[in-house]
Amino acid sequence: MVLKAFFPTCCASADSGLLVGRWVPEQSSAVVLAVVHFPFIPVQVKELLAQVQQASRVGVAVLGTWCHRRQELEESLGPFLEGLGALFSHEPWLQLCRERGSKSWSCKATRRQGPAPLAPACEDQVMLIFYDQRKVLLSQLHPPAALPERQAGDATASAGGLAAVFDTVARSEVLFQSDRFDEGPVRLTHWQSEGMEASILVELAKRAAGPVCLLLACLLSLVSTASACRVFRLWPLSFIWSKLSTCEQLRHRLDQLALVVSTHRAEGPAQLMRKANTLVSMLLDMALGLLLLSWLHRKDRFAQLAEALVPVADRVAEELQHLLQWLMGAPAGLKMNRALDQVLGRFFLYHIHLWISYIHLMSPFIEHILWHLGLSACLGLTVALSILSDIISLLTFHIYCFYVYGARLYCLKIHGLSSLWRLFRGKKWNVLRQRVDSCSYDLDQLFIGTLLFTILIFLLPTTALYYLVFTLLRLLVVTVQGLVHLLVDLINSLPLYSLGLRLCRPYRLAAGVKFRVLEHEAGRPLRLLMQINPLPFSHVVRTYRLPSCGCHPKHSWGSLCRKLFFGELIYPWRQRGDKQD
């Protein structure tokens, strides 16, 4: 039988003593956590292990002895260490020894063949595996489901053993809180034996985090209470809040802030990582917003934007007028219905005239409006981008109106033509059963249906051309807004803290381990070095991606084309509160 002994590299130069760790019978593995040095009292060692078991709920025990022969006088410790098996009974009993002045190791694992105390002992083969205790303690082993497909099959077989090793080291953190400067009765060697890792800034941040989070939680509760007022739920305000991207982004940031400042302790590593990613995302968002605000205030760029906004709006309106005049003539040599063409053209030209008047009426106040809206960039770059999306919606509202008018008129004619086509075939649409049934029509109904069908079929090209032009303009505006929303979604959902850990400390996010052979000679135990394989960047993003307010296309390309063909209103990028046609 081959036993696997996981030995920390920090204990390779420790003095002789006892091996303390956990035995995993399912994997036939022994995870060594620390070395207890001489002198010690067995009762005190057992009390220490009982305290560690009660605090960590890990079956920590004395697994065997460790002999490091640095001097000739220590060679006499061999028989003494072998006799310690009677005081600390454990099956199997490990005996690890490092020879003086050489790199050779000897490993033995003995167990009794019978229950009697004088029963003969048998030896098992031992595979010695070295591991970095600090990295294993701080790392988080991801399940095979989160690993690449080519590694998931290989990792499934050994996932249980590796998970046991990582879990044992992570839950035994209480054992690592004592160092050689403590005046306790038991001296240990582990990864923090030379002193516990600490930082004054981290400790001060921990002390100040509690009151700050409590204060922010109180402020958030006040804001939530104010936003839940019935005044804001009235129809005009509730309708406006549901359509503005800025309100959706502010609501999303308030939810994230409530998660970060929550006084409840994180239940696991996943929730802790989510809080850290959310905090870093918010800080980066605010930093980018402050940079944008400083850039806008420098050289009075608000005035420059205000001066350029009105001419741009006039130029767009002028191009739309030229486009409508082109449609009112003979566009691309097509012969349109002149009466309907003139009515539609003058109707849309009147809307453009109203829009130009509205822009010039607002032109004296545009600079002040932009200045006050620019101050919202201190809340984050995503809020500024959401405001930009709303400004685009307001500046292109006339294009949206043209699209709605053309789509409704086109949709009405398509449905009329389809209904009259069923009349010619002796069919009708059964509203109650939602199906097409047979029906007999008299001569007058067929005559009137023929006249209406002829009128609609000859008016359809003119309506379809206006609908096509304004739909293309609407899709252009929606595409620009979609790019802005995708950028906001990227900032909201990108796990920056996890990516920073993967870049600076890749061992913190472990996808698995790999083993490097240190010694493989006949008559000596096989010695391996366990190294951590970091999680790939793509899987880090996929695993720790943050939820966002959402601006994802709801329709597939097939349904989108179908809606465009039948003239149904489309909203390819929907907010959390779905808009209805």
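Residues numbered from 1 in each chain as written. Predicted model: local features only at pLDDT ≥ 70, side-chain atom pairs only at ≥ 80, totals over all residues. Heavy atoms only, no water.

- Labelled according to an unreviewed UniProt entry, the protein chain appears under the name Phosphatidylinositol N-acetylglucosaminyltransferase subunit Q, originating from Odocoileus virginianus.

### Quick notes on the overall build of the protein chain
Next up, step 1: Scanning the protein chain from N- to C-terminus turns up 17 helices and 13 strands.
Next up, step 2: Taken across its 581 residues, the protein chain has 40% of its residues classed as buried.
Next up, step 3: When the accessible surface of the protein chain is totalled, it reaches about 33,000 Å², and 64% of it is carbon and sulfur. (Helix = DSSP H or I, 4+ residues; strand = E, 2+ residues; numbered from the N terminus. Buried < 20%, exposed > 50% of the residue type's maximum accessible area, 1.4 Å probe, protein only. Areas by Shrake-Rupley, 256 points an atom, 1.4 Å probe, with all protein chains shown as cover.)

### Re the UniProt feature "transmembrane region" (unreviewed entry) in the protein chain
Next up, step 1: Under the UniProt annotation, the feature "transmembrane region" (unreviewed entry) is placed at residues 279–297, 343–361, 373–396, 445–469 and 475–499.
Next up, step 2: Taken as a whole, residues 445–469 contains 100% helix and 0% strand, while its terminal C-alpha atoms sit 35 Å from one another.
Next up, step 3: Counting secondary structure, residues 475–499 comes out at 92% helix and 0% strand; the distance between its end C-alpha atoms is 35 Å. (UniProt positions renumbered as here; feature names shortened; annotations may be inferred.)

### Topic: the pattern of salt bridges
A pair can form between side chains of opposite charge whenever their charged atoms are brought close.
Next up, step 1: One pass over the structure, following the stated rule, counts 9 salt bridges.
Next up, step 2: Here Arg253 makes a salt bridge to Asp285, at a shortest N to O gap of 2.9 Å. With Arg253 in helix H7 (residues 245–260) and Asp285 in helix H8 (residues 269–297), this pair connects stretches of sequence that are 32 residues apart.
Next up, step 3: Here Arg253 falls in the buried class, since its relative accessible area comes to 8%.
Next up, step 4: For Lys563, the salt bridge is made with Glu568, and the minimal N-O distance between the two is 3.0 Å.
Next up, step 5: Owing to a relative accessible area of 10%, Lys563 belongs among the buried residues under this scheme.
Next up, step 6: A network of salt bridges, in which partner residues are shared, links Arg562, Lys563 and Glu568. (Salt bridge = Lys/Arg side-chain N within 4 Å of Asp/Glu carboxyl O.)

### A word on the pairing of strand E11 (residues 435–438)
Next up, step 1: In terms of strand pairing, strand E10 (residues 427–430) meets E11 through 4 bridges, oriented antiparallel. In the strand pairing of E11, Lys428 is matched with Asp437.
Next up, step 2: In sequence, E10 turns back onto E11 through a hairpin of 4 residues, with Gln434 there showing a positive phi of about 55 degrees. (Pairing = 2+ DSSP bridges.)

### Digging into helix H1 (residues 42–56)
Next up, step 1: When the terminal C-alpha atoms of H1 are compared, their 21 Å separation across 15 residues agrees well with the 21 Å that a helix rising 1.5 Å per residue should span.
Next up, step 2: Of all the positions in H1, only Val45, Leu49, Val52 and Ser56 are classed as buried. Buried residues of H1, viewed axially, fall in a sector of 60 degrees; they line one side. Turned more than 90 degrees away from the buried face of H1 sit Val43, Gln51, Gln54 and Ala55, all of them exposed. (Expected span 1.5 Å × (residues − 1). Arc of directions from axis to C-beta.)

### Regarding the environment of Leu254
Next up, step 1: Position of Leu254 among the secondary structure elements: in helix H7.
Next up, step 2: For the pair Leu254 and Val223, spaced 31 residues apart in the sequence, the C-alpha separation amounts to 9.2 Å.
Next up, step 3: If near-sequence neighbours (up to four positions away) are discounted, Leu254 is found in contact with Leu220 and Val223. (Contact = heavy atoms within 4.5 Å.)

### Thoughts on the packing of aromatic side chains
Next up, step 1: One pass over the full model with this rule turns up 17 aromatic pairs.
Next up, step 2: A centroid spacing of 6.3 Å and a plane angle of 35 degrees characterise the contact between Phe397 and Tyr400, whose relative ring orientation is tilted. Highlighted residues: Phe397 and Tyr400, both in helix H13 (residues 397–424), separated by 3 residues, approximately one helical turn.
Next up, step 3: For Phe397, a relative accessible area of 43% translates into the label partly exposed. (Phe/Tyr/Trp six-rings, centres within 6.5 Å; stacked < 30°, edge-to-face > 60°.)

### Some thoughts on the confidence of the model for the protein chain
Next up, step 1: Averaged over every residue, the pLDDT of the protein chain is 80; residues scoring 70 or more account for 83%.
Next up, step 2: Predicted confidence is poor over residues 149–157, with pLDDT under 50, and the contacts of this stretch with residues over four places away or in other chains come to 5 contacts. (pLDDT = per-residue confidence, 0-100.)

### A short note on H13
Next up, step 1: Taking 1.5 Å of rise per residue, 28 residues should cover 40 Å, and H13 covers 41 Å from first to last C-alpha, within 8% of that figure.
Next up, step 2: Where H13 terminates, the next one or two residues include Gly426, which has phi positive at roughly 70 degrees.

### Here's the deal with the packing of helix H10 (residues 338–362) against helix H14 (residues 443–493)
Next up, step 1: The contact between H10 and H14 brings their axes to 10 Å, and the two run at 25 degrees. The angle between the axes of H10 and H14 places the two elements in the roughly parallel class. The hand of the H10/H14 crossing is right-handed. Contact residues: H10 offers Leu340, Asp341, Leu344, Gly345 and Phe348, while H14 offers Leu459, Thr462, Thr463, Tyr466 and Phe470.
Next up, step 2: In terms of residue class, the contact of H10 with H14 is made up of 6 nonpolar, 3 polar and 1 charged. (Axes fitted to C-alpha atoms, helices over the stretch in contact; angles between N-to-C directions. Parallel < 35°, antiparallel > 145°, perpendicular 65-115°, else oblique. Left-handed = near helix turned anticlockwise from the far one by under 90°. Nonpolar A, V, L, I, M, F, W, Y, C, P; charged D, E, K, R; others polar.)

### Some points on unusual backbone geometry
Residues apart from glycine generally show negative phi values, whereas peptide bonds are mostly found in trans.
Next up, step 1: Although it is not a glycine, Arg57 adopts a positive phi angle of roughly 60 degrees.
Next up, step 2: Relative to the assigned elements, Arg57 resides in the loop between H1 and strand E4 (60–68).
Next up, step 3: Located in the positive-phi region is Asp300, a residue other than glycine, with phi close to 55 degrees.
Next up, step 4: Mapped onto the elements of the fold, Asp300 is located in the loop between H8 and helix H9 (301–327).

### Concerning a nonpolar patch on the surface
Next up, step 1: On the surface, Phe447, Ile448, Leu451, Leu452 and Ile455 cluster together to form a nonpolar patch covering roughly 490 Å² of accessible area.
Next up, step 2: Locating Ile455 in the fold gives a position in helix H14. (Patch = residues over 30% accessible without salt bridge, like charges linked within 9 Å, V, L, I, M, F, W, Y side chains within 5 Å.)

### Focus on the packing of H7 against H14
Next up, step 1: The interhelical angle for the contact between H7 and H14, taken along N-to-C directions, is 5 degrees, at an axis separation of 13 Å. With respect to H14, the element H7 is oriented roughly parallel. On H14, the residues touching Ser245, Gln249, His252, Arg253 and Gln256 of H7 are His485, Val488, Ile491 and Asn492.
Next up, step 2: Looking at the contact of H7 with H14 residue by residue, the class counts come to 2 nonpolar, 6 polar and 1 charged.

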